[in-house]
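Breakdown of the fold
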Amino acid sequence: MANHKSALKRHRQSLKRRARNRVSKTRIKNTVKAVRLALEENDIAKAQEALKEASSVLDRAARKKVIHARQAQRRIARLQAAVNKTA
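With respect to the overall build of the chain
From N to C terminus, the chain includes three helices and zero strands. Sequence-ordered secondary structure for the chain, helices as α and strands as β, is α-α-α. What you see for the chain is a C-alpha radius of gyration of 17 Å, clearly larger than the 12 Å of a compact globule of 87 residues, by over 25%. The dimensions of the chain, computed from C-alpha atoms along their principal axes, are 60 × 20 × 15 Å. Looking at the chain as a whole, 28% of its 87 residues qualify as buried. Restricting to contacts in the chain with at least 6 residues of sequence separation, those with at least 24 account for 57%. Summed over its atoms, the accessible surface of the chain is roughly 6,700 Å², and 50% of this surface lies on carbon and sulfur atoms. Here the chain holds 25 positive side-chain charges and 6 negative ones, and the gap between their average locations is 19 Å.

The rules behind these values
- Residues numbered from 1 in each chain as written.
- Predicted model: local features only at pLDDT ≥ 70, side-chain atom pairs only at ≥ 80, totals over all residues.
- Heavy atoms only, no water.
- Helix = DSSP H or I, 4+ residues; strand = E, 2+ residues; numbered from the N terminus.
- Rg over C-alpha atoms; globule rule 2.2 N^0.38 Å.
- Buried < 20%, exposed > 50% of the residue type's maximum accessible area, 1.4 Å probe, protein only.
- Contact = heavy atoms within 4.5 Å.
- Areas by Shrake-Rupley, 256 points an atom, 1.4 Å probe, with all protein chains shown as cover.
- Lys, Arg positive; Asp, Glu negative; His and termini not counted.
- Charge placed at Lys NZ, Arg CZ, Asp CG, Glu CD.

See the structure below:
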């Protein structure tokens, strides 16, 4: 564990960021899972609605630097391709 003031502050900040990022990443996983589940059930309308939500969540995470911007773009593109393929 760090002993000087700036390192202690840095540690506190990293814990806060980690908690915030975990929330965001869990949200990403759940929304992407909703799209995949809708695709498995062949429910196109539900999949498109879930895709809209997932792309919003991914873009927001990328904007806040939780995930890399290109990773968000790639995941959205792959989900969109899967939805288009079933539709």
